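Tertiary structure, described
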Amino acid sequence: MNALIVSSSEKSRSVIAETATLCGGYEIEFAEECTKALQMIKERAYDLVIINGDSASGRAKQTALTAAAKKDGGVILIENGASFEKTVMEVAPKGVIVIAKPLARASLLAAVQSVYAMNMRIVGLKEENRDLNKKLEDLKIIDRAKIALIQRLGYTESEAHKHIERQAMNLRVSKREVAVSILKTYEF
């Protein structure tokens, strides 16, 4: 997994990077200013973006919202205490985690761990979604093959289903492979 850390302070970048590496073993890239970070975010997907609101450009909030809008990963914004509550109200509904300054390492650690856990769940859900889409595609192909058998050979739906299953068992291949073969034979 990869992370982008945006901070004009070398010391802050170092502390944030150490915490991110500790939590999830992220491969880390850095941007000293939000303008550069925005360019990097547009060019690449990041699993974690941490923006230290100390950037000289004052565009930390907008950068956080842009990163969150891409829906690639989690976004953490470290914000000054004076504007903390207002910032939370603006960006939290968009999926940005906000941490107040002065930055407590425990708060940052908890936020990064939350993002990491969320990313792991998302990875699992994407794999499950991919598997379900493949099964759905297989079912569509098998149904098309059944229709071809019904139309071309006069099978009933049950007979077509049994024929595909029997062929798959006899040939030791998947029902999808049998269905594809049937479609090649009977579909134009």
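Whatever comes next refers back to the structure up there.
About the thresholds
- Residues numbered from 1 in each chain as written.
- Predicted model: local features only at pLDDT ≥ 70, side-chain atom pairs only at ≥ 80, totals over all residues.
- Heavy atoms only, no water.
- Axes fitted to C-alpha atoms, helices over the stretch in contact; angles between N-to-C directions.
- Helix = DSSP H or I, 4+ residues; strand = E, 2+ residues; numbered from the N terminus.
- Parallel < 35°, antiparallel > 145°, perpendicular 65-115°, else oblique.
- Left-handed = near helix turned anticlockwise from the far one by under 90°.
- Contact = heavy atoms within 4.5 Å.
- Nonpolar A, V, L, I, M, F, W, Y, C, P; charged D, E, K, R; others polar.
- Pairing = 2+ DSSP bridges.
- Right-handed = clockwise from strand over helix to strand, strands pointing away.
- Expected span 1.5 Å × (residues − 1).
- Buried < 20%, exposed > 50% of the residue type's maximum accessible area, 1.4 Å probe, protein only.
- Arc of directions from axis to C-beta.
- 1 Å grid on protein atoms, 1.4 Å probe; cavity = no way out; pocket = protein on both sides within 12 Å on 5 of 7 lines; lining within 4 Å.
- Points joined across faces, edges and corners; volume = space filled by probe spheres on them.

A word on the packing of helix α5 (residues 105–153) against helix α6 (residues 157–171)
Where α5 meets α6, the axes come as close as 9 Å, and the angle between the chain directions of the two elements is 120°. In terms of axis orientation, α5 runs oblique to α6. For the pair α5 and α6, the sense of crossing is right-handed. Residue-level inspection shows I142, A145, K146, L149 and I150 of α5 in contact with α6, the latter providing E157, A160, H161, H163 and I164. Each residue belonging to the contact of α5 with α6 can be placed in one class, and the counts come to six nonpolar, two polar and two charged.

Considerations on unusual backbone geometry
For the bond from K101 to P102, the omega torsion is 5°, close enough to zero to count as cis. When you line up the elements, P102 lands in the loop between β5 (96–100) and α5.

Side note on the pairing of strand β2 (residues 27–31)
Looking at chain direction, strand β1 (residues 2–6) and β2 are connected through five bridges and run parallel. By the bridge assignment for β2, V6 is matched with A31. Taken together, β1, helix α1 (residues 10–24) and β2 constitute a β-α-β crossover, and its handedness is right-handed.

Points about α1
With 15 residues, α1 ought to run about 21 Å at 1.5 Å a step, and its terminal C-alpha atoms sit 21 Å apart, in line with that. Within α1 the residues assigned to the buried category are R13, I16, A17, T19, A20, C23 and G24. Buried residues of α1, viewed axially, fall in a sector of 165°; they line one side. Residues of α1 that are exposed and point more than 90 degrees away from the buried face comprise E10, K11 and L22. Buried positions along α1 lie against β1, β2, β3 (48–52), β4 (74–79) and α5. Of the residues one or two after α1, G25 is the one with positive phi, at around 60°.

With respect to the layout of surface pockets
Quantified by volume, the largest pocket comes out at close to 150 Å³. Around the largest pocket, the lining residues are M1, N2, A45, Y46, D47, D72, N119, I122, V123 and K126. Broken down by element, the lining of the largest pocket gets its largest block of residues, four residues, from α5. Grouping the constituent residues of the lining of the largest pocket by class yields five nonpolar, two polar and three charged.

A few points about the sheet that holds β5
Through backbone hydrogen bonds, the strands of a sheet pair up, either in parallel or in antiparallel fashion. Across the sheet, five strands lie side by side as β2-β1-β3-β4-β5; this open sheet has parallel pairing. The sheet terminates laterally at β2 and β5, the two strands that pair on one side only. Within this sheet the neighbouring strands show an average axis-to-axis angle of 20°, counted without direction. Looking at chain direction, β1 and β3 are connected through four bridges and run parallel. Bridging from a neighbouring strand, V6 pairs with I51 of β3.

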